[in-house]
Amino acid sequence: MPRGVQKEAVLAVLSAADVIAYLKIEGRERRGELRTRTCPACGTWGRDAIAINLTTGQWKDHAHGCKGDLLDAIAAAAGLDLRHNFGRVLEIAAVIAGVTADTDPAELARMRAERARLAEQRAAAEKRARMAAIRRAAWIWRRADRWSDRGAEYLAGRGLEPAELARRRLVKFGRDGDPLVALYSSRGQVINVVCRRIAPADDGNKISGLRDAPSLGTLGRSVDQVEPGRLVVIAEGVADTLAASLTWPGAVVLGAHGAGNMPAIGEVLAKRARRPLGEVRIVPHHDKPTASAPQGVGRQAAERTRAELLEGDVPGVELLELEHKDLADAYRAGWRAA
Ligand SMILES: [Zn+2]
């Protein structure tokens, strides 16, 4: 039993990969994270809702709200309370990291340097993959079809107006006519292309972006298109972005690729958009309540987005209250802005 190990020494060399192996957590690596069904705190579930950052060791169970760092993971898996059993948790961490009380300081320094080197290598590889994916996104968007009868029929069936959306370059079409929407950086560069699959893929996903491309950005339009006095609408997802663009044709619609990215859009808008900002309208999804989001994930994301804007002294921020699940459903059912 390694007694008297130094906390700093253990934390300096404890790696996410070692903890994952020790806890026998299986999953698939994606964008620097391990996506897995196994939450260190609450067990194994039916879907990959848990993400462990392989560089920082921070992890989160998106379905149940459990989260923490590597020591939290070790404590939770061992059924220990980190605050009351810190010494015991550190001992287990020391075993995982291969550190003992008499580990030679030179050996520790070497382990630390090795870990830093691996983290750097991983970061460089991720960056290369991201840059390549961004170039691919720009190419795909440029080359995508401006029209597809099959895609248009699909959009029309959902109550969206394909001719108008295509004319305004808000939607293009991929092979098989799948509608495509561009994701933009705040400076208007295409950084991802998000596809709404008419027939869901093998993994069951209806919406998918390009592998390794960023998900943080804006669907529809970009922050640099925001002009003083012009209405800005922040929406969630492809369907609501398109429905918002039809509902408010004169607005700059900024769509979040997933609720999790919405607050960051509020933050970027507050910091980078030309002032004075006009009215900002946020369109939340009405999702079912969960343990970590009693108001529902969409509503919570919208509230956080509003908080970011208010913190950035943006006046005139309004949350749209709808009876429907989302704006696309409301639009399809005939709802129109007053
Ligand atoms: Zn959990």
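Located above this text is the structure these notes cover.
Here is what the cut-offs are and how they apply
Residues numbered from 1 in each chain as written. Predicted model: local features only at pLDDT ≥ 70, side-chain atom pairs only at ≥ 80, totals over all residues. Heavy atoms only, no water. 1 Å grid on protein atoms, 1.4 Å probe; cavity = no way out; pocket = protein on both sides within 12 Å on 5 of 7 lines; lining within 4 Å. Points joined across faces, edges and corners; volume = space filled by probe spheres on them. Helix = DSSP H or I, 4+ residues; strand = E, 2+ residues; numbered from the N terminus. Axes fitted to C-alpha atoms, helices over the stretch in contact; angles between N-to-C directions. Parallel < 35°, antiparallel > 145°, perpendicular 65-115°, else oblique. Left-handed = near helix turned anticlockwise from the far one by under 90°. Contact = heavy atoms within 4.5 Å. Nonpolar A, V, L, I, M, F, W, Y, C, P; charged D, E, K, R; others polar. Salt bridge = Lys/Arg side-chain N within 4 Å of Asp/Glu carboxyl O. Buried < 20%, exposed > 50% of the residue type's maximum accessible area, 1.4 Å probe, protein only. Pairing = 2+ DSSP bridges. Core = buried A, V, L, I, M, F, W, Y, C linked by side-chain atoms within 4.5 Å. Right-handed = clockwise from strand over helix to strand, strands pointing away. Phe/Tyr/Trp six-rings, centres within 6.5 Å; stacked < 30°, edge-to-face > 60°. Lys NZ or Arg CZ within 6 Å of the ring centre and 35° of its normal.

Peer 1: Describe the layout of surface pockets, listing the residues and the values that go with them.
Peer 2: Each pocket or cavity is described by its volume, and for the second largest pocket that value is around 320 Å³. Contributing to the lining of the second largest pocket are 16 residues, with Ser185, Ser186, Leu216, Gly217 and Arg272 lying nearest its centre. Top contributing element to the lining of the second largest pocket by residue count: helix α9 (residues 262-272), with four residues.

Peer 1: Outline the packing of α9 against helix α10 (residues 297-311), supporting the account with residue identities and numerical values.
Peer 2: Across the interface, α9 lies against α10 with an axial gap of 8 Å and an inter-helix angle of 15°. Taken together, the axes of α9 and α10 are roughly parallel relative to one another. Between α9 and α10 the crossing geometry is right-handed. Contacts from Met262, Pro263, Gly266, Glu267, Leu269 and Ala270 in α9 reach Ala301, Ala302, Arg304, Thr305, Glu308 and Leu309 in α10. Split into classes, the residues belonging to the contact of α9 with α10 amount to seven nonpolar, two polar and three charged.

Peer 1: Could you give an account of the pattern of salt bridges, naming the residues involved and the relevant values?
Peer 2: As enumerated under the stated definition, the model contains 18 salt bridges in all. A salt bridge links aspartate 326 to lysine 325, with the nearest nitrogen and oxygen atoms 3.3 Å apart. In this structure aspartate 326 comes out as buried when scored by relative accessible area, which is 7%. Through salt bridges with shared partners, a single ionic network connects Arg299, Glu303, Arg306 and Glu321.

Peer 1: Please give an account of empty space enclosed by the protein that cites residues and values.
Peer 2: Summed over the entire model, instances satisfying the criterion amount to one cavity of 30 Å³ or more. Its boundaries defined by the atoms lining it, the largest cavity holds a volume of some 30 Å³. Every residue lining the largest cavity is listed: Val19, Ile20, Leu23, Ile25, Pro40, Ile52, Trp59, Leu70 and Ala73. Those elements that place two or more of their residues in the lining of the largest cavity are α2 (16-22) and α3 (70-77). Residue classes in the lining of the largest cavity are distributed as nine nonpolar, no polar and no charged.

Peer 1: So, the sheet that holds strand β5 (residues 50-53): which residues are in play, and what are the values?
Peer 2: One open sheet accounts for five strands, arranged β1-β2-β5-β6-β7; its pairing is antiparallel. Unpaired on one side and paired on the other, β1 (27-30) and β7 (67-68) mark the two borders of the sheet. Both strand β6 (residues 59-61) and β7 contribute to a ladder of two bridges, which runs antiparallel. In the sheet register, tryptophan 59 faces β7, and the bridge partner there is glycine 68.

Peer 1: Quick rundown of the nonpolar core? Include the residues and the values.
Peer 2: Counting 32 residues, the largest nonpolar core has Leu160, Val233, Leu242, Trp248 and Leu327 as the members making the most contacts within it. Counting residues per element, this core draws most heavily on helix α8 (residues 237-247), at six residues. Among residues more than four places away in sequence, those in contact with leucine 160 are Leu155, Leu165, Ala239, Leu242, Ala243, Leu246 and Tyr331.

Peer 1: Now, about the pairing of strand β14 (residues 252-256): what can you tell me, with residues and values included?
Peer 2: Regular strands have side chains that alternate between both faces of the sheet. In terms of burial, β14 is a largely internal element, five of the five residues being buried. Here β14 shows a buried face lined by Val252, Leu254 and Ala256 and a second buried face lined by Val253 and Gly255. Bridge analysis of strand β13 (residues 232-236) against β14 gives five bridges, and the strand direction is parallel. Within the sheet, the bridge partner assigned to valine 233 lies in β14 and is valine 253. In this fold, the crossover linking β13 to β14 by way of α8 has right-handed handedness.

Peer 1: I'd like a description of the packing of aromatic side chains, backed by residues and values.
Peer 2: The way to describe two aromatic rings as a pair is by their centre distance and the angle between their planes. A full pass over the atoms with the stated rule returns two aromatic pairs. On the numbers, 6.1 Å between centres and 75° between planes, the contact of tryptophan 147 with phenylalanine 173 is edge-to-face. With tryptophan 147 in the loop between α5 (105-143) and α6 (149-157) and phenylalanine 173 in strand β8 (residues 172-173), this pair connects stretches of sequence that are 26 residues apart. On the basis of relative accessibility, which here comes to 40%, the residue tryptophan 147 falls in the partly exposed class. With relative accessibility at 1%, the residue phenylalanine 173 sits in the buried group. Pairing tryptophan 248 with tryptophan 335 gives two aromatic rings, centres 6.4 Å apart and planes at 65°, and the pair type is edge-to-face. You can see tryptophan 248 sitting in the loop between α8 and β14 and its partner tryptophan 335 sitting in the segment after α11 (327-332), a full 87 residues away along the chain. Under the relative-accessibility criterion, tryptophan 248 is labelled buried at 9%. Overall, the relative accessible area of 25% leaves tryptophan 335 in the partly exposed class. The positively charged end of lysine 172 is found above the aromatic ring belonging to tryptophan 141, 5.1 Å away from the centroid. The ring of tyrosine 331 has arginine 336 sitting right over it, with the charged end atom 3.6 Å from the ring centre.

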